[in-house]
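Given next are the chains, with one letter for each unit.
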Amino acid sequence: MKKMILNFKGYDDWDRPVYEADGRLYVDTDPRKNSRPHICTKYNNDFYGEPDTPIAEDIEVEYAPYRATWD
């Protein structure tokens, strides 16, 4: 199983948490506290870009320093 460490960078215009890993930007499109995250790439690797391709199901995700959620 591949592991990805997502580093929290801030929130986009829709208040979704944006992360970075290996030079790529990712967004959690379902950051509710009690739900499973749905991580996608950001279109054109733009911080404010739309969510694009979901990551593969077999990727293990670790958040640094934490998973940012809506409370």
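Details of the structure are given in the entry above.
Residues numbered from 1 in each chain as written. Predicted model: local features only at pLDDT ≥ 70, side-chain atom pairs only at ≥ 80, totals over all residues. Heavy atoms only, no water.

Q: Break down the overall build of the protein chain for me, citing the residues and quoting the values.
A: A count of helices and strands for the protein chain gives zero helices and six strands. In the protein chain, the succession of helices and strands from N to C terminus is β-β-β-β-β-β. Its C-alpha radius of gyration of 11 Å places the protein chain within 12% of the 11 Å reference for a compact globule of 71 residues. By its C-alpha atoms, the protein chain is 30 × 30 × 20 Å across when sized along the principal axes. Counting every position in the protein chain, which comprises 71 residues, the buried fraction comes to 37%. Long-range pairs, those at least 24 residues apart, make up 44% of the contacts in the protein chain with a sequence separation of at least 6. Entry remark: accessible area of the protein chain is about 4700 Å², with carbon and sulfur atoms responsible for 48%. Charged side chains in the protein chain number 10 positive and 15 negative. The centres of these two groups are separated by 3 Å. (Helix = DSSP H or I, 4+ residues; strand = E, 2+ residues; numbered from the N terminus. Rg over C-alpha atoms; globule rule 2.2 N^0.38 Å. Buried < 20%, exposed > 50% of the residue type's maximum accessible area, 1.4 Å probe, protein only. Contact = heavy atoms within 4.5 Å. Areas by Shrake-Rupley, 256 points an atom, 1.4 Å probe, with all protein chains shown as cover. Lys, Arg positive; Asp, Glu negative; His and termini not counted. Charge placed at Lys NZ, Arg CZ, Asp CG, Glu CD.)

Q: Help me get a handle on the pairing of strand E3 (residues 24–28), residues and values and all.
A: Most of E3 sits inside the fold, with four of its five residues counted as buried. The pairing of strand E2 (residues 17–21) with E3 spans four bridges and is classified as antiparallel. By the bridge assignment, alanine 21 is partnered in E3 with arginine 24. Once E2 ends, the chain turns through two residues before running back antiparallel as E3, passing aspartate 22 with a positive phi of about 55 degrees. Bridge count between E3 and strand E4 (residues 39–42): three bridges; the pairing is antiparallel. (Pairing = 2+ DSSP bridges.)

Q: How would you summarise the pairing of E4 if you had to cite specific residues and measurements?
A: Pairing geometry for E4 and strand E5 (residues 51–54), over two bridges, is antiparallel. Opposite cysteine 40, over in E5, you have proline 54 as the bridge partner.

Q: Lay out the side chain of threonine 41 with the relevant residues and their values.
A: Tracing the sequence through the fold places threonine 41 in strand E4. Apart from the residues lying within four places of it in its own chain, the contact partners of threonine 41 are Arg24, Leu25, Tyr26, Val27, Glu50, Pro51, Asp52 and Thr53.

Q: Tell me about the pattern of salt bridges, and please be specific about residues and values.
A: Here the structure, examined in full by the defined rule, presents six salt bridges. A salt bridge links arginine 67 to aspartate 28; its shortest N-O distance comes to 3.0 Å. In this pair, arginine 67 sits in the segment after strand E6 (60–64) while aspartate 28 sits in strand E3, placing the two residues 39 residues apart along the sequence. With relative accessibility at 19%, the residue arginine 67 sits in the buried group. Members of the salt-bridge network, linked through shared partners, are Asp12, Arg16 and Lys42. (Salt bridge = Lys/Arg side-chain N within 4 Å of Asp/Glu carboxyl O.)

Everything listed is a geometric property; what it means functionally is a separate question.
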